[in-house]
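# Structural overview
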Amino acid sequence: MTALRGVAAWTGPVLVGALTTRVAAGAPDAPMLVLAAVVAPLVAILQPRGDDAPHLVSAAATAVSVTLLLAASFVPFGDAAALLGAQRWLGIVVAATVVTLPAVIPGGDRWRMAALAAGGGALVVAVVVLAGATALSPLSAWREAAARPALLFGAHSAWIAEGGGWFARRTTLTFDEGHRLVAVAPATFRVVERDGTNDVVRDWRLAAGDPLSVRPGDRVTVQAGSRVRFQAGKRVPGAAASGAAWADAGLAPFVGSVAALVTLMLGAIGLVPAAGRRGFAAPAMLLVVALAAACWGVYAVVTAPEAMLSGSLAEPFLSVPSAVPGARGLVLLVVAALLGLFIAAAGALRERLVTLAGARGSAAWLLAVAVAAVASLVPFDAWFLLMAGLGMAAATLGAPRLAGAGGARVAGWPLQAIGALAGGLVFAAVAALGPRLPAALAIVAEWPVLLAVPAAWLVVKFLR
Amino acid sequence: MSAVRWRWFGMLALTLLLAPLLLLAAVPGAPGTVRVAGVSLAWWYAGLVAPILATGVATALLVRCPE
């Protein structure tokens, strides 16, 4: 596997979308994520070459990680279909078909590198065109966003148009000012009003066209699939209060930052293979894709600050071009870019799975695609699925490799597989018991890698 | 230096590039929010300087890897 083919597993549309939305939302961990998105796969391609002998446990662990990552990738395609007016399942079926065909058609894999180059290139061209259309360089766009006194619904926003906007998943919005929403389609809204020191909860069942007035401080929970129209010129609920608040988004909790870093770094070590001396194109590709995604997020704040409202990773890519006069055609270019990156990422993940699953690799891949497609019909949060997939890879593949499992065997079992078994069991147990863990262990419930990675590492070190 | 040691050195060097950002987050007074030429220090580092540095370091280490 060449380095470029290997890093394609990393530069998939779900990571690109996650970077874009975190930057656009002014998430406290956004700078760290952008840097980690470049550094983690670079660390992975520099890792010493490992022994990837096929084994049932390693193959199963990879299959679980790959299934979660595929589901994370399918979710935005389903969202994109819904945002473009089609049925959600249609986007998922198209995405599943696109990644299945290369596995069943002889020679269907040879377009993978072209898809990666075209996808990365198209993403960069889209950012350059956006810079031209807005007459703002990325740095100027950042300064412009940071100088905004408030983040308001854009004049071209679908959320203030007659048809309203669509919520991809259940979302709770906090309003900083009075607002009048209109239900475009029948829906139920839960409003939590602050009454002195008490919260008053009211459920409103609205018919199409019914308004809902909220006061400053109210929290409104909107169900997945609801269509809502907001008032023009008002602040975007849930967005940063101002450009300065977006720019100085505060600090992510230290332990949470470390957990995210461990997930990304060891997840990359598990999924991205080591590169040889001629793998110099891979680092450049990683840099270009990550920075293009971050730039798109900055432009989203300037042009369409409501781009994260639906909770979908796909929305910033679809709403930003329509918010910029003269850039509407960019939607097709961006969709093509994400599709190219998706084909390349899926091909790299398949190659990884086939390496570890041996003769049953193709069957394991088709099963992973099918399970991921069914799972993504539920409107899960793509970020949650991405972190779960990378966390599983970190615990079962990355940590044993980092502990130096190599090709060693214990009682006939590869040490890598024993470490994977330990890491995987702890990861699954913590994830399953998470809601029942005491409050002091909430961070472990949120990030099972914090226990699973040391468990896998210690088991390998102890048995070596 | 053996190829394995060379690669471990590279992994460590790249990982250390993340440390300043964690420090910026941990130090009181939020120095990461200080603006330099209109952009916060944290974004200058995480969005431009460190990624370019990491890419350069990784490329150099790969090309010169003794294997």
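Procedures and definitions
Residues numbered from 1 in each chain as written. Chains lettered and ligands numbered in written order. Predicted model: local features only at pLDDT ≥ 70, side-chain atom pairs only at ≥ 80, totals over all residues. Helix = DSSP H or I, 4+ residues; strand = E, 2+ residues; numbered from the N terminus. Rg over C-alpha atoms; globule rule 2.2 N^0.38 Å. Contact = placed C-beta atoms within 7 Å. Buried ≥ 20, exposed ≤ 12 C-beta atoms within 10 Å, placed from the backbone. Pairing = 2+ DSSP bridges. Expected span 1.5 Å × (residues − 1). Arc of directions from axis to C-beta. Axes fitted to C-alpha atoms, helices over the stretch in contact; angles between N-to-C directions. Parallel < 35°, antiparallel > 145°, perpendicular 65-115°, else oblique. Left-handed = near helix turned anticlockwise from the far one by under 90°. Nonpolar A, V, L, I, M, F, W, Y, C, P; charged D, E, K, R; others polar. Bend = angle between axes of the 7 residues up to and from the residue. Core = buried A, V, L, I, M, F, W, Y, C linked by C-beta atoms within 7 Å. pLDDT = per-residue confidence, 0-100.

### A few points about the overall build of chain A
Each helix and strand counted, chain A has 17 helices and 10 strands in total. Compactness check: chain A gives a C-alpha radius of gyration of 22 Å against a globular reference of 23 Å for 464 residues, within 12% of the reference. Taken along its principal axes, the extent of the C-alpha atoms in chain A is 70 × 50 × 40 Å. Partitioning the intrachain contacts of chain A with sequence separation of at least 6 by distance along the chain shows that 80% fall at a separation of at least 24.

### Some points on the overall build of chain B
Along its length, chain B carries three helices and two strands. Secondary structure of chain B in N-to-C order comes out as α-α-β-β-α. Expressed as lengths along the three principal axes of its C-alpha atoms, the size of chain B is roughly 45 × 20 × 10 Å. The burial tally for chain B puts 34% of its 67 residues in the buried class.

### Focus: the interface of chain A and chain B
Listed per partner, the contact involves 32 residues of chain A and 34 residues of chain B. If you tally residues by element for the side of chain A that touches chain B, the top one is helix H3 (residues 30–46) of chain A, at 10 residues.

### A closer look at the sheet that holds strand E1 (residues 165–166) of chain A
All names here are of chain A. Pairing in this open sheet of four strands is antiparallel, and the strands run E1-E8-E3-E6 from one edge to the other. The sheet terminates laterally at E1 and strand E6 (211–214), the two strands that pair on one side only. The pairing of E1 with strand E8 (residues 227–229) spans two bridges and is antiparallel. Note on E8: the bridge partner recorded for Trp166 is Arg227.

### Re helix H1 (residues 3–16) of chain B
For H1 of chain B, built from 14 residues, the straight-helix expectation of 20 Å at 1.5 Å per residue is met to within 8% by its first-to-last C-alpha distance of 20 Å. Along H1 of chain B, the positions that sit buried rather than exposed are Arg7, Gly10, Met11 and Leu14 of chain B. Looking down the long axis of H1 of chain B, one finds its buried residues gathered within 100° of arc, a one-sided arrangement. The outward face of H1 of chain B, more than 90 degrees from its buried face, is lined by the exposed residues Arg5, Leu12 and Leu16 of chain B. The elements touched by buried residues of H1 of chain B are H3 of chain A together with helix H3 (41–63) of chain B.

### Side note on the packing of helix H10 (residues 281–303) of chain A against helix H11 (residues 315–323) of chain A
All names here are of chain A. Between H10 and H11, the least distance of the axes is 10 Å, while the angle of their chain directions is 50°. Looking at the two axes, H10 sits oblique to H11. Here H10 runs over H11; the crossing is left-handed. Across from Trp296, Gly297, Tyr299, Ala300 and Thr303 in H10, the residues of H11 making contact are Pro316, Val320 and Ala323. For the contact of H10 with H11, the class distribution of residues is six nonpolar, two polar and no charged.

### Remarks on the environment of Val258 of chain A
Residue and element names in this part refer to chain A. Within the secondary structure, Val258 sits in helix H9 (residues 254–271). Residue class for Val258 comes out partly exposed when judged on the 17 C-beta atoms lying within 10 Å of it. With 60 residues separating them in the primary sequence, Val258 and Asn198 have C-alpha atoms 36 Å apart.

### Observations regarding the packing of helix H4 (residues 56–83) of chain A against helix H5 (residues 88–104) of chain A
Residue and element names in this part refer to chain A. Taken N-terminus to C-terminus, the directions of H4 and H5 make an angle of 135°; their axes are 7 Å apart at the nearest point. Comparing their axes, H5 and H4 come out oblique. Pair H4 / H5 crosses with right-handed handedness. Side by side, H4 and H5 meet where Ser73, Phe74, Phe77, Gly78, Ala80, Ala81 and Ala82 of the first sit next to Arg88, Trp89, Leu90, Gly91, Ile92, Val94, Ala95 and Ala96 of the second.

### A few points about the sheet that holds strand E5 (residues 198–206) of chain A
The strands that make up a sheet are held in pairs by hydrogen bonds between backbone atoms, and each pair lies either parallel or antiparallel. All names here are of chain A. Taken together, the four strands give an open sheet; going across it, the order is E2-E7-E4-E5, and neighbouring strands pair in antiparallel fashion. At either margin of the open sheet sits one strand with a lone partner, and together these are strand E2 (171–174) and E5. With direction set aside, neighbouring strand axes in the sheet form an average angle of 20°. As judged from the four bridges shared by E2 and strand E7 (residues 219–222), these two strands associate in the antiparallel manner. Residue Thr172 lies in a different strand from E7, and its bridge partner there is Thr221.

### Topic: helix H14 (residues 382–402) of chain A
Residue and element names in this part refer to chain A. Where H14 bends most, at Ala394, the angle is about 40°. Counting buried positions along H14 yields 19 of 21 residues, so the element is predominantly enclosed. Phi turns positive, to about 85°, at Gly404, one or two residues after H14.

### Looking at the nonpolar core
Formed by 199 residues in total, the largest nonpolar core has its most connected members in Val7, Leu19, Val39, Val43, Ala290 and Ala456 of chain A. Setting aside residues no more than four positions away along its own chain, Val39 of chain A makes contact with Leu14, Leu17, Leu18 and Ala54 of chain B.

### Thoughts on the environment of Pro186 of chain A
Residue and element names in this part refer to chain A. In this fold, Pro186 is placed in the loop between strand E3 (179–183) and strand E4 (187–195). With 13 C-beta atoms packed within 10 Å, Pro186 lands in the partly exposed category. Note: C-alpha distance between Pro186 and Leu206 (20 residues apart in sequence) is 5.5 Å. Aside from chain neighbours lying at most four places away, what touches Pro186 is Leu206, Ala207 and Ala208.

### A short note on unusual backbone geometry
A positive phi angle, near 60°, is found at Ala135 of chain A, a position not held by glycine. On the secondary structure map, Ala135 of chain A appears in the loop between helix H6 (112–134) and helix H7 (138–146). Although it is not a glycine, Ala37 of chain B adopts a positive phi angle of roughly 55°. Relative to the helices and strands, Ala37 of chain B resides in the loop between strand E1 (35–36) and strand E2 (39–40). Taking the C-beta count within 10 Å as the criterion, Ala37 of chain B has 7 such neighbours and is therefore assigned exposed.

### Let's talk about the confidence of the model for chain B
Residue and element names in this part refer to chain B. Looking at chain B as a whole, the pLDDT averages 90, with 100% of positions reaching at least 70. The element-level mean pLDDT for chain B is lowest in helix H2 (residues 19–26), coming to 85, with H3 highest at 94. Prediction confidence for the complex, expressed as pTM and ipTM, is 0.92 and 0.96 respectively.

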